[in-house]
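What follows is the residue order along each chain.
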Amino acid sequence: MREQRYLSFLVIIYFLLFLPATSIRAQEVEHEREFDYALKSEKGPRMWGKLKKEWDACNKGEMQSPIDLSNERVRIIRKPEKRNYKLCNATVKNRGHDISLQWHGDAGSVLINGTEYPLQQAHWHSPSEHTVNGRRYAMEMHMVHLNENATNKIAVIGVLYKFGKPDKFLSKLIRNISSMIDKKDEVKNAGMINPREIKIGSRKYYRYLGSLTVPPCTEGVIWSIKKKYAASNARPMQPLNKRPVYLMAPGATV
């Protein structure tokens with residue numbers, strides 16, 4: 001399909017293999033020494049909830065992420081979110097276990113259910129954390145938004161990628177990313193970056209209420225995964241626990 005956008009650089013996948021799950025810096029654990037993604041590790045995903053009392057939700061929470069976005073579990077909703085992003089200064093940072101793009105100032109926001117969520121940062125996972133009908137994609141981007149005054153404070157927009165044609169937005173970042181490999185805590189000025197250049201594409205997307213996918217696994221995160229396409233750092237799938245998953249599409253009726 002023409003609307004499908006593919007990622008072709010194997011080198012970008014290599015650089016992003018160390019990316020973590022979605023979270024806000026004020027709430028997430030930033031240092032890889034506190035946890036890891038190895039399934040058999042004493043600090044791996046199966047043990048996260050036992051490592052610290054405040055991480056208890058990682059093992060006992062009933063609204064955990066990621067999940068499989070199976071078509072059999074979705075409904076079509078009428079109103080998609082409204083994005084109002086702005087040109088803003090940004091930096092690229094190597095946090096040791098990930099490389100993230102962080103905006104400094106007003107980068108705009110997304111409006112979800114009448115609540116405005118300012119954009120904070122973006123990062124990528126390889127392979128994707130969420131799956132569609134059991135299929136895991138080459139990479140997943142997370143745009144993380146935060147509203148401290150909202151009931152659900154965190155909203156994340158995710159995009160799934162396949163291999164293919166170069167992505168123009170990622171191409172702009174590749175020089176900074178490639179120069180900071182193995183340079184933990186390295187920060188580079190990325191200049192003025194417009195989030196609107198991130199081509200999300202399809203107006204259809206899945207929505208559900210989940211969690212951060214990194215300790216402390218805080219629940220109440222609003223996930224919107226764009227339905228663009230019907231050593232690892234992706235957290236294993238979490239049980240759906242009868243949560244509704246909505247497929248958003250313009251013009252549809254509830």
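Looking at an unreviewed UniProt entry, one finds the protein chain named Alpha carbonic anhydrase 7 isoform X2, with Nicotiana tabacum as its source organism.

Here the focus is the pattern of salt bridges. All told, the structure shown has 4 salt bridges when counted by the stated rule. As a salt-bridge pair, Lys60 and Asp56 come within 3.8 Å of each other at their nearest N and O atoms. We classify Asp56 as partly exposed; its relative accessible area is 31%. The shortest N-O distance in the salt bridge between Lys86 and Asp106 comes to 2.9 Å. Taken together, the residues Lys86 in the loop between β3 (82-85) and β4 (88-94) and Asp106 in the loop between β5 (99-103) and β6 (108-112) connect sequence positions 20 residues apart. Classification of Lys86 by relative accessible area gives partly exposed; the value is 36%.

Residues Val92, Leu101, Trp103, Trp124 and Met143 are the most contacted members of the largest nonpolar core, which totals 32 residues. Elements with a minimum of two residues in this core: β4, β5, β6, β7 (115-125), β10 (139-146), β11 (154-163), α4 (168-179) and β12 (187-193). Counting residues in each nonpolar core, the second largest holds 17 residues, with Val144, Leu160, Trp223 and Ile225 among its members.

Looking now at the pairing of β4. Of all 7 residues making up β4, 6 are buried, and the element is well covered by its neighbours. Two elements, β4 and β12, share 6 bridges in a ladder whose sense is antiparallel. Each residue of the ladder has a partner; that of Asn89, found in β12, is Met192.

If you walk through the whole model with that rule in mind, you get 4 aromatic pairs. On the basis of an interplanar angle of 70° and a centroid distance of 5.8 Å, the ring pair of Phe35 and Tyr37 is categorised as edge-to-face. Both residues of the pair, Phe35 and Tyr37, belong to the buried class. For the pair Phe35 and Trp48, a centre-to-centre distance of 5.5 Å together with 85° between the ring planes defines the contact as edge-to-face. Placement of Phe35 in the loop between α1 (10-15) and α2 (48-51) and of Trp48 in helix α2 is noted, with a sequence separation of 13 residues between them. An aromatic cluster of three or more residues is present, and its members are Phe35, Tyr37 and Trp48.

Cut-offs used in this document
- Residues numbered from 1 in each chain as written.
- Predicted model: local features only at pLDDT ≥ 70, side-chain atom pairs only at ≥ 80, totals over all residues.
- Heavy atoms only, no water.
- Salt bridge = Lys/Arg side-chain N within 4 Å of Asp/Glu carboxyl O.
- Buried < 20%, exposed > 50% of the residue type's maximum accessible area, 1.4 Å probe, protein only.
- Helix = DSSP H or I, 4+ residues; strand = E, 2+ residues; numbered from the N terminus.
- Core = buried A, V, L, I, M, F, W, Y, C linked by side-chain atoms within 4.5 Å.
- Pairing = 2+ DSSP bridges.
- Phe/Tyr/Trp six-rings, centres within 6.5 Å; stacked < 30°, edge-to-face > 60°.

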